[in-house]
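As a plain string of letters, each chain reads:
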Amino acid sequence: MDKKEIEARLKELRQEIDRVDRTILDCLKRRYSIVKEVGHLKRKLGVEVLDLNRERAVIKKILEENQGIFPENSLKAIFLEIVHTCRTAQELQKVAYLGPEATFSHMAALKFFGQAANFLPQESVLDVFEETESGRTKFGVVPVENSIEGTVSATLDAFSDYKLKVCGEVFIPVSHDLLNQTGRKEDIKKVISHPHALAQCRKWLRKNLPSVPVEEVSSTAFAARWAAVDPSVAAIASSLAARTYHLQAVATSIEDFHGNVTRFWVIGKESPGPTGKDKTSLFFSISDRPGALFEVLSSFAKRQINLSKIESRPAKNEPWHYFFFLDCDGHIKDQKVKECVEEISKICVRIEWLGSYPAGEEN
Ligand SMILES: O=C(O)C(=O)C[C@]1(C(=O)O)C=C[C@@H](O)C=C1
């Protein structure tokens, strides 16, 4: 091919790309209006408009049909965004999260709901529960545990006061950057962040900024917002916070342990139905006698139900009494989980089903 022929072919291919793009756009518009009609019909039937299981099935089918030809992670991201955006043709979901903007909870909310939702930042975990229970938002997103720091007790404790269910799970890798207005280390007179973030970067701070004082604040994003107005302060926060508050990175990935992940729960009024890859969360209390906890646990063991977490929390109204929080594989509607919960209900003084929900993906 000579230069002229190559240029002609290039022009032809670009025209072909333009035609394909128009077809994609037509398909997107068509999909959007079909989903809108589906929404009307679902409302007429009186069924919940949001159907996370159906969404999962849609994405799964697309990935299967692709047979690995289009890069898989990108295809998934594209279709997640398409489905999330089409949802807005039915209703714009209101979602409360632990704010301010650009917290890891915000990242988790974006991962679960996509860009097209009405995200409402809240000042505390309790406010997220409050907004969701009052119905001012349909869902809430709260941190539940971190792979290094452990449980977020405010979240677990809130379940004893609010009648909400877990309806989803999201994992967000936590990587911290040190951010200030200039990106220069010499300008830092104080480092501020959420206590968990400070703890996760303790060694780095001791080695690199040994004489600089640190101060705890309510969130990493609050720290970033502060650094954006105070040139003497550096915040430990996410790269999303850096973009949101126009900060420069003094150093990136300063966490002492890599592979740090936070697990979030999406809370709402109802848990979704079974998908085949679910988790169930329970909280219970037992009588103070030998073997009571053993009996509960053996009920899971004899049915080969895997436990992914068990944790005790003090019962606030009675000193030296405890509640247990437990996560197991399976859905409450799966026969063996159902039987197990029925059996342990006879052993427990109190038992609450916190929800059954599709297991989140850790990558
Ligand atoms: O299939 C449905 O029930 C729809 O409403 C369509 C659709 C989609 O975009 O595929 C949109 C929202 C629901 O959460 C699930 C799926």
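Residues numbered from 1 in each chain as written. Predicted model: local features only at pLDDT ≥ 70, side-chain atom pairs only at ≥ 80, totals over all residues. Heavy atoms only, no water.

**Observations regarding the site of the ligand**
Move 1: Taken together, 14 residues form the shell around the ligand, and within it Arg31, Lys42, Asp51, Glu55 and Gln90 come nearest.
Move 2: Here an oxygen atom of the ligand sits 3.3 Å away from a polar atom, N or O, in the side chain of Arg54.
Move 3: Take Gln90: an N or O atom from its side chain is 2.8 Å from an oxygen atom of the ligand.
Move 4: A total of 360 Å² of accessible area belongs to the ligand in isolation, and the protein chains cover 91% of it.
Move 5: Broken down by secondary-structure element, the contributors of at least two residues to the shell around the ligand are α1 (3-45), α2 (52-66) and α3 (72-87).
Move 6: At 4 residues, the largest contribution of residues to the shell around the ligand is made by α1.
Move 7: Of the residues contributing to the shell around the ligand, the split by class is 7 nonpolar, 1 polar and 6 charged. (Near = heavy atom within 4 Å. Polar contact = N/O pair within 3.5 Å; in protein donor to acceptor, adjacent residues only side chain to side chain. Areas by Shrake-Rupley, 256 points an atom, 1.4 Å probe, with all protein chains shown as cover. Helix = DSSP H or I, 4+ residues; strand = E, 2+ residues; numbered from the N terminus. Nonpolar A, V, L, I, M, F, W, Y, C, P; charged D, E, K, R; others polar.)

**Notes on the packing of aromatic side chains**
Move 1: Scanning all chains against the criterion turns up 10 aromatic pairs.
Move 2: Taking 4.9 Å as the distance between ring centres and 65 degrees as the angle between the ring planes, the aromatic pair formed by Phe112 and Phe113 counts as edge-to-face. For the pair Phe112 and Phe113, one class covers both residues: buried.
Move 3: On the basis of an interplanar angle of 75 degrees and a centroid distance of 6.3 Å, the ring pair of Phe222 and Trp226 is categorised as edge-to-face. With Phe222 and Trp226 both in helix α9 (residues 220-227), this residue pair falls 4 residues apart, about one helical turn.
Move 4: Connected via pairs of aromatic rings, a cluster forms that spans Phe129, Phe159, Tyr162, Trp265 and Tyr357. (Phe/Tyr/Trp six-rings, centres within 6.5 Å; stacked < 30°, edge-to-face > 60°. Buried < 20%, exposed > 50% of the residue type's maximum accessible area, 1.4 Å probe, protein only.)

**Some details on unusual backbone geometry**
Move 1: The peptide bond linking Gly99 to Pro100 adopts the cis configuration, its omega dihedral lying at 0 degrees.
Move 2: Position of Pro100 relative to the elements: it lies in the loop between β1 (94-98) and α4 (104-113).
Move 3: Phi angles above zero are rare outside glycine, and Ala102 is one such case at about 80 degrees.
Move 4: Here Ala102 is to be found in the loop between β1 and α4.
Move 5: The exposure class of Ala102 is buried, given its relative accessible area of 0%.

**Considerations on the domain arrangement of the chain**
Move 1: Along its sequence, the chain is carved into domain 1 (3-87), domain 2 (94-174), domain 3 (177-251) and domain 4 (274-358).
Move 2: On a C-alpha basis, the centroid separation for the pair domain 2 and domain 3 is 23 Å.
Move 3: Listed by partner, the interface residues are 12 residues for domain 2 and 13 residues for domain 3.
Move 4: Both faces combined, the contact of domain 2 with domain 3 buries some 1,000 Å², and carbon together with sulfur accounts for 69% of it.
Move 5: Summed over the three residues of domain 2 that lose the most area to domain 3, namely Pro100, Ala102 and Glu149, the buried surface amounts to 46% of that side.
Move 6: At the boundary of domain 2 and domain 3, one finds 3 residue pairs in polar contact (both at pLDDT 80 or more).
Move 7: A total of 4 residues in the side of domain 2 that touches domain 3 trace back to one element, the largest contributor, which is α4.
Move 8: Partitioning the side of domain 2 that touches domain 3 into residue classes produces 6 nonpolar, 4 polar and 2 charged. (Domains from an automatic or database assignment. Contact = heavy atoms within 4.5 Å. Buried area = accessible area lost by both parts, 1.4 Å probe.)

**Overview of the sheet that holds strand β12 (residues 278-286)**
Move 1: Spatially, β13-β14-β12-β15 is the arrangement adopted by the 4 strands of the open sheet, whose pairing is antiparallel. Unpaired on one side and paired on the other, β13 (307-314) and β15 (348-358) mark the two borders of the sheet. Between one strand axis and the next, the sheet turns through 15 degrees on average, direction left out of account.
Move 2: Of the strands in this sheet, β12, β13, β14 (322-329) and β15 are in contact with helix α11 (residues 292-301), which crosses β12 at around 160 degrees. (Pairing = 2+ DSSP bridges. Axes fitted to C-alpha atoms, helices over the stretch in contact; angles between N-to-C directions.)

**Digging into the nonpolar core**
Move 1: Phe129, Val142, Phe159, Val166, Trp265, Ile267 and Leu354 are the most contacted members of the largest nonpolar core, which has 21 residues in total.
Move 2: Put simply, the parts of the chain that give this core at least two residues each are β1, α5 (125-134), β3 (139-146), α6 (153-158), β11 (261-268), β14 and β15.
Move 3: Among the elements that take part in this core, α5 stands out by supplying 3 residues, more than any other.
Move 4: Dropping the residues within four chain positions of it, Phe159 is found in contact with Phe129, Leu164, Val166, Trp265, Ile267 and Leu354.
Move 5: With 19 residues, the next largest nonpolar core counts Ala108, Ala109, Phe112 and Phe139 among its residues. (Core = buried A, V, L, I, M, F, W, Y, C linked by side-chain atoms within 4.5 Å.)

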